[in-house]
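# Overview (structure and organization)
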Amino acid sequence: MIDSITEVFELQQKNKYALRYSTAQQRINKLQALKSSIQTFEEEIYTSLQTDLRKSRFESAVTELIFIYSEIDFAIKKLKKWMRPAYAGKNIASLFAKNRIYYEPKGVCLIISPWNYPFQLMMSPLLSAIAAGNCAILKPSEFSSATSAVITKIIKKTFSKDEIACFEGDQSVSEALLKLPFDHIFFTGSTAVGKVVMKAAAENLSSVTLELGGKSPVVVDETAKIKNAATKIAWGKLINAGQTCIAPDHVFVHRSKLDEFITHYKSAATAMFLKENGQTDELSYAKIINRRHADRLMDLINDAVNKGANVAWGGEAVLAELNIQPTLLCNLAEDSKIMGEEIFGPILPVIPYDTLEDPMDRINEKNKPLALYIFSESKTNIKRLLTGTSSGGACVNDVLIHISNPNLPFGGVNGSGVGSCHGIFGFKTFSHERAVVFQSSLNMSDIIYPPYTKKGWVLKMLTKFM
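These remarks concern the structure in this document. Here the structure is a predicted model, which is why all the values come from computation and not from measurement. (Residues numbered from 1 in each chain as written. Predicted model: local features only at pLDDT ≥ 70, side-chain atom pairs only at ≥ 80, totals over all residues. Heavy atoms only, no water.)

## With respect to the environment of M272
Within the fold, M272 resides in helix α10 (residues 258-273). Judged by its relative accessible area of 27%, M272 falls in the partly exposed class. Remark: the alpha-carbon pair of M272 and I374, spanning 102 residues in sequence, is separated by 22 Å. (Helix = DSSP H or I, 4+ residues; strand = E, 2+ residues; numbered from the N terminus. Buried < 20%, exposed > 50% of the residue type's maximum accessible area, 1.4 Å probe, protein only.)

## Describing the nonpolar core
Grouped together as the largest cluster of nonpolar side chains are 116 residues, with contacts concentrated most on I38, L126, V220, I233, F261 and Y265. Ranked by the residues each element gives to this core, the list is headed by helix α4 (residues 57-83), at 11 residues. Setting aside residues no more than four positions away along its own chain, V220 makes contact with I226, A229, I233, V251, F252, V253, H254, Y353 and F375. Counting 25 residues, the second largest nonpolar core, distinct from the first, contains F9, L110, I137 and A201. (Core = buried A, V, L, I, M, F, W, Y, C linked by side-chain atoms within 4.5 Å. Contact = heavy atoms within 4.5 Å.)

## Examining the layout of surface pockets
With a probe scaled to a water molecule rolled over the atoms, the places where space remains empty come into view. Size it by volume and the second largest pocket reaches roughly 370 Å³. As for the second largest pocket, its lining consists of 20 residues, of which T63, F67, Q120, I403 and S404 are closest to the centre. Listing elements by their share of the lining of the second largest pocket, those giving two or more residues are α4 and α5 (120-131). With five residues, α4 is the single largest residue contributor to the lining of the second largest pocket. Within the lining of the second largest pocket, the residues separate by chemical class into 12 nonpolar, seven polar and one charged. (1 Å grid on protein atoms, 1.4 Å probe; cavity = no way out; pocket = protein on both sides within 12 Å on 5 of 7 lines; lining within 4 Å. Points joined across faces, edges and corners; volume = space filled by probe spheres on them. Nonpolar A, V, L, I, M, F, W, Y, C, P; charged D, E, K, R; others polar.)

## What about helix α9 (residues 226-238)?
Side chains of residues three or four places apart in an α-helix project in the same direction, reflecting 3.6 residues per turn. The terminal C-alpha atoms of α9, which comprises 13 residues, lie 18 Å apart, in line with the 18 Å expected from a rise of 1.5 Å per residue. Those residues of α9 that sit buried are I226, A229, A230, I233, A234, G236, K237 and L238. Looking one or two places after α9, you find N240, whose phi comes out positive at around 60°. (Expected span 1.5 Å × (residues − 1).)

## A closer look at the sheet that holds strand β8 (residues 217-220)
Read across the sheet, seven strands follow the order β10-β13-β14-β9-β8-β15-β16 without closing on themselves; strand pairing throughout is mixed. Each having just a single partner strand, β10 (310-313) and β16 (393-396) make up the two edges of the open sheet. Averaged over all neighbouring strand pairs, the angle between strand axes comes to 25°, with direction disregarded. With three bridges joining them, strand β13 (residues 327-330) and strand β14 (residues 347-353) adopt parallel strand pairing. Residue pairing for β14: T327 is matched across the bridge by I347. Against the sheet, helix α12 (residues 357-365) makes contact with β8, β9 (250-254), β14 and β15 (371-375), and its axis sits at roughly 130° relative to β14, the strand it touches most. (Pairing = 2+ DSSP bridges. Axes fitted to C-alpha atoms, helices over the stretch in contact; angles between N-to-C directions.)

Keep in mind these values describe shape, not function.
Here's what the structure looks like:
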């Protein structure tokens, strides 16, 4: 495997210079070919997502396939504009020059994707890499092996290995890849593994984009429309059984609205994901990816309960079926594991507060999250929360939807990520922004010396541009 990885890497190193000359239309053709191949394997993709995560066809369509079709179409529509050199302003040293920013491909890129949205989170950075004119080697997660196998089929059908190649396998494959001097590494996954990737990239001074996670908080204030807030939070928390990097991790609810929030959350979650008998509906509710992750989630619940928390709802599991019911926890001790670790599952800690400073202080005490969600009808409170905290992205009176707009950058900050993606932001991530100055052939000494200085011409020009 290591020899074949090295062979493909060397082929792509040779080919990357040819791709620098690719036109917008050639790149558009590649994106269209990728979309066509995805459509060819669409039924296999649905089946593989059902196998790996028990995702319903509807959920797979909305969060994986339609998401990618939309991004491809957006890139095709905008690519010619993105590739044009951008105008840059002048300064005193370039009064008579043309200043431009050229977008050149970074070269050979490595894309490592996770298991929770195994199709979307591989294809999204890949289409950006293609749009920017790069070669790429892909490493999908071994935990979502069925989807990884379909991704490999799509890549082999669509591209030659000296342009795009896919390597399946376990951690040893990732380790072998990370030893190579890639021009850029795009990693999506946990913060802990992100640190490993960044250290490996530093050995070769490879640039990196890290799409990580963290504990994305929700604040529901006393002015919020509670039923609406609870419904949206329940959907955002429980889609893919909570295994979403921007899922609401925990919720701060104004104490006066606590009981009302819990009532509406239970009602919304039941309507969306449970049967009449109270058991989870396997047609709409995903499973936990594997037994190790399911055991970790149950350990978080048990640890919280042992430290004084009470299960306000749910908490049951059928581990043999990798099924954990939607769960609400209240009265949590601050030293509970669940208050320190990213949950990545269908468990929602509910934390009452009295003044807005309390959730703000607690958010700021922890690493900057990937997302912040605010439910409020108070412009003052919304402004205070947005100004007084930091996060990769934020939604007001909604959850998750910022990831779906390719006109917005998506990414984290510090512990929740480095860099951004989607739309032009993904194109720029896989591009080097090269500064180019086209200087006038006019002799500058003719300008800064007489007769111009005697007429005060230079002084006027300097004054204008300073």
